[in-house]
There are 2 protein chains.
Amino acid sequence: MSNIIITRPLTATDFAPYGNVLDCSGNSPIAINQGDCNRFDDLADLDFTDGRAGISVFKSKTCNFPYDLKLVERHPLGSQAFIPMSHHSFMIVVADDQNGVPVNPQAFISKAGQAVNLHKGTWHGVLTPLHEPGLFAVVDRIGTGDNLQEHPFKNAYQIQQG
Amino acid sequence: MSNIIITRPLTATDFAPYGNVLDCSGNSPIAINQGDCNRFDDLADLDFTDGRAGISVFKSKTCNFPYDLKLVERHPLGSQAFIPMSHHSFMIVVADDQNGVPVNPQAFISKAGQAVNLHKGTWHGVLTPLHEPGLFAVVDRIGTGDNLQEHPFKNAYQIQQG
């Protein structure tokens, strides 16, 4: 099995098994504020077990290609949305689950103006902005209990820009 | 009473009666991802009556100074967070409540990298980005019931840049 992953563009269809793409496409907006603003309504499947939604701000180092994917993690008790606070693309790494083990990791590259919401329990890489300032608002679960599982790969994958 | 409002910088202290400022200052972050990312945790007082949190995307026209403030609105059933999806400042207009009537409107200008969360029921102006693309993620209440009250001013206020 190759350990090379080639990035591909983020689309709602391809990303559907892993989460929602939050952007201004794909549904009809509601015109508000006397038509000065369009509301693309309720785009994320927020899902929290024994906890509540919260908003945090993440400031992350940027990453470069080729990128060594050494581990993925997941949050069994809640969805997690990553909203870039700059008009830049970023990389989103996800993987399928096979009996509790992450398999088939994939790397998506967003367009500027897109955010994502990962479904509860989805294996994913750490935050990988491609541009400064690496600033994100994150909507995820606030609560007690163990909401983090990490899975280091025995052999790192190498992600290359598609 | 003058109908001129001069903008002032957004600070957590000055904004406290109206909501939260969501940024990377003012509290100690949690280091995550082997130290590559700082999490400024749980910054918003989310508060929803008979509903749930949702994430929507707003695409708004930008505004210019002097700005005519013709109305404010409020959402009696939920808090509302405005997260800019570009690294730009924006204007946030709020007002005090006096027996159901908005009084003492004020205008704050954020710094790039700041978002806000308005407390439930806070009188506020419509979204007023100062820069393209005018794109925001909004975390507010999803649910039925009347969650919008609008108050047009008899005489518009004029907002001038401070």
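Notes on the structure follow. (Residues numbered from 1 in each chain as written. Chains lettered and ligands numbered in written order. Predicted model: local features only at pLDDT ≥ 70, side-chain atom pairs only at ≥ 80, totals over all residues. Heavy atoms only, no water.)

In this section: the interface of chain A and chain B. Chain A puts 47 residues into the contact, and the matching count from chain B is 47 residues. At the boundary of chain A with chain B, the tally comes to six salt bridges. Where Asp42 of chain B meets Arg52 of chain A, a salt bridge forms, and the shortest distance between an N and an O atom there is 2.6 Å. The interface formed by chain A and chain B holds 20 residue pairs in polar contact (both at pLDDT 80 or more) in total. Secondary-structure elements contributing two or more residues to the side of chain A that touches chain B are strand S5 (37-40), strand S6 (52-60), strand S7 (67-74), strand S8 (80-84) and strand S14 (135-142) of chain A. The biggest single contributor to the side of chain A that touches chain B is S6 of chain A, with nine residues. When grouped by side-chain class, the residues that make up the side of chain A that touches chain B number 25 nonpolar, 11 polar and 11 charged. Of the pairings in the sheet, the one linking S6 of chain A to strand S5 (residues 37-40) of chain B comprises four bridges and is antiparallel in character. (Contact = heavy atoms within 4.5 Å. Salt bridge = Lys/Arg side-chain N within 4 Å of Asp/Glu carboxyl O. Polar contact = N/O pair within 3.5 Å; in protein donor to acceptor, adjacent residues only side chain to side chain. Helix = DSSP H or I, 4+ residues; strand = E, 2+ residues; numbered from the N terminus. Nonpolar A, V, L, I, M, F, W, Y, C, P; charged D, E, K, R; others polar. Pairing = 2+ DSSP bridges.)

Superposition of chain A onto chain B requires a rotation of 180° combined with a translation of 0.0 Å along the rotation axis, giving an RMSD of 0.0 Å. Between the two chains, the operation in question is that of a two-fold axis. Judged by C-alpha distance, Ser86 of chain A is the residue of chain A that lies nearest the rotation axis, at 1.9 Å. A shared interface surface links the copies, since 100% of the contact residues of chain A are contact residues in chain B too. (Least-squares fit on C-alpha atoms with pLDDT ≥ 70 in both.)

Here we take up the pattern of salt bridges. When the charged atoms of two side chains with opposite charge come close together, those side chains can pair. All names here are of chain A. Enumeration over the complete set of coordinates arrives at 14 salt bridges over all chains. As a salt-bridge pair, Lys120 and Asp47 come within 3.3 Å of each other at their nearest N and O atoms. Here the residue Lys120 occupies a position in the loop between strand S11 (115-118) and strand S12 (123-124), and Asp47 occupies one in the loop between S5 and S6, the gap between them amounting to 73 residues. Residue class for Lys120 comes out partly exposed when judged on its relative accessible area of 31%. (Buried < 20%, exposed > 50% of the residue type's maximum accessible area, 1.4 Å probe, protein only.)

Bringing the nonpolar core into the picture now. Counting residues in each nonpolar core, the largest one holds 29 residues, and the members touching the most others are Ile55, Ile83 and Val139 of chain A together with Ile55 and Ile83 of chain B. Secondary-structure elements contributing two or more residues to this core are S6, S8 and S14 of chain A together with strand S6 (52-60), strand S8 (80-84) and strand S14 (135-142) of chain B. In this structure, Tyr67, Phe153, Tyr157 and Ile159 of chain B belong to the second largest nonpolar core, which totals 17 residues. (Core = buried A, V, L, I, M, F, W, Y, C linked by side-chain atoms within 4.5 Å.)

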